[in-house]
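Observations on the model geometry
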Amino acid sequence: MSWTDERVETLKKMWGEGQSASQIAKELGGVTRNAVIGKVHRLGLSNRAGSGGSASKAAPKEKPAAAAKPAPKPKAATKAAPASTPPKEEPELDENGIPISAARRAIIPAGQPLPPQPSANEISPEALAKVSEVEKTAKRITLMELTEKTCKWPVGDPATDDFWFCGLAVQQGKPYCEAHVGVAFQPMSSRRDRRR
């Protein structure tokens, strides 16, 4: 089907009368509703003068009027807000201009020194000796090789190629092997003793 001058004139006439795209497609024959809508837009006939057009024009006029009535309330609230709250500080931005959240601030960039770790005095010498022995025989697996049955204790700096996970069998209900559980989960009494 091609859009002849006669078919285009029929389309314009019916569209101007307020006929639907489906009705026009039926009248013309050989075209779909979507083809009629496409042709209407290409011809620039999208706005109708009939009842459909006036209703669509009236609705936007009412919406801004309705939106204008509540507008004074937020203005009053914004005037009161600065008096009751101190001005916000400008957030710290990274090199890309993105605000740095507290969570991002806690991430240590690769190559930077780590925060102080528990000292050897806080962990029992037996547990440390056991960890040293276990790490000599560890499977040294990558992140992609971890499963629910492998020890997830990280060893080394994640920013280097020499970073790995223990990979030995986990203790039931724990994410680590027996040696690493001894370091990670300490009894309450020993933690209380350290604070004194």
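Rules behind the numbers
- Residues numbered from 1 in each chain as written.
- Predicted model: local features only at pLDDT ≥ 70, side-chain atom pairs only at ≥ 80, totals over all residues.
- Heavy atoms only, no water.
- Phe/Tyr/Trp six-rings, centres within 6.5 Å; stacked < 30°, edge-to-face > 60°.
- Helix = DSSP H or I, 4+ residues; strand = E, 2+ residues; numbered from the N terminus.
- Buried < 20%, exposed > 50% of the residue type's maximum accessible area, 1.4 Å probe, protein only.
- pLDDT = per-residue confidence, 0-100.
- Contact = heavy atoms within 4.5 Å.
- Lys, Arg positive; Asp, Glu negative; His and termini not counted.
- Salt bridge = Lys/Arg side-chain N within 4 Å of Asp/Glu carboxyl O.
- Polar contact = N/O pair within 3.5 Å; in protein donor to acceptor, adjacent residues only side chain to side chain.
- Expected span 1.5 Å × (residues − 1).
- Arc of directions from axis to C-beta.

A few words on the packing of aromatic side chains. The tally for this structure, following the rule as stated, stands at 2 aromatic pairs. Relative to Tyr176, the ring of Trp153 has its centre 5.1 Å away and its plane inclined at 75 degrees; by these criteria the two rings are edge-to-face. With Trp153 in the loop between α7 (125-137) and β1 (154-155) and Tyr176 in the loop between β2 (164-165) and α8 (178-184), the pair connects residues that are 23 residues apart, well separated along the chain. Relative to Phe165, the ring of Phe163 has its centre 5.2 Å away and its plane inclined at 75 degrees; by these criteria the two rings are edge-to-face. Owing to a relative accessible area of 24%, Phe163 belongs among the partly exposed residues under this scheme.

Phi at Arg140 is positive, roughly 55 degrees, even though this residue is not glycine. Mapped onto the fold, Arg140 is located in the loop between α7 and β1.

Bringing the confidence of the model for the protein into the picture now. Of all residues in the protein, 61% have pLDDT values of 70 or greater, and the mean over the chain is 75. Per-residue pLDDT stays below 50 along residues 51-63; that stretch engages in 1 contact with residues further than four places along the chain or on separate chains.

By the secondary structure assignment, Arg7 is in helix α1 (residues 5-16). Here Arg7 sits buried without a salt bridge, and the closest side chain of opposite charge, Glu6, lies 7.5 Å off (N-O distance). One polar contact links the side chain of Arg7 to the main-chain carbonyl oxygen of Leu28, over a distance of 3.2 Å.

Here the focus is α7. Compared with an ideal rise of 1.5 Å per residue, which puts 13 residues at 18 Å, α7 spans 19 Å between its outermost C-alpha atoms and is within 8% of the ideal. Restricting attention to buried positions, one finds in α7 the residues Ala127, Val131 and Val134. One side of α7 holds all its buried residues, which, seen down the axis, span an arc of 70 degrees. For α7, the exposed residues set more than 90 degrees away from the buried face come down to Pro125, Glu126, Lys136 and Thr137.

Here the focus is the pattern of salt bridges. Counted by the stated rule, this structure contains 4 salt bridges. Of the charged contacts in the structure, one is a salt bridge between Lys13 and Glu17, with a shortest N-O distance of 3.6 Å. Overall, the relative accessible area of 47% leaves Glu17 in the partly exposed class. Between Lys136 and Glu133 there is a salt bridge; the shortest N-O distance is 3.5 Å.

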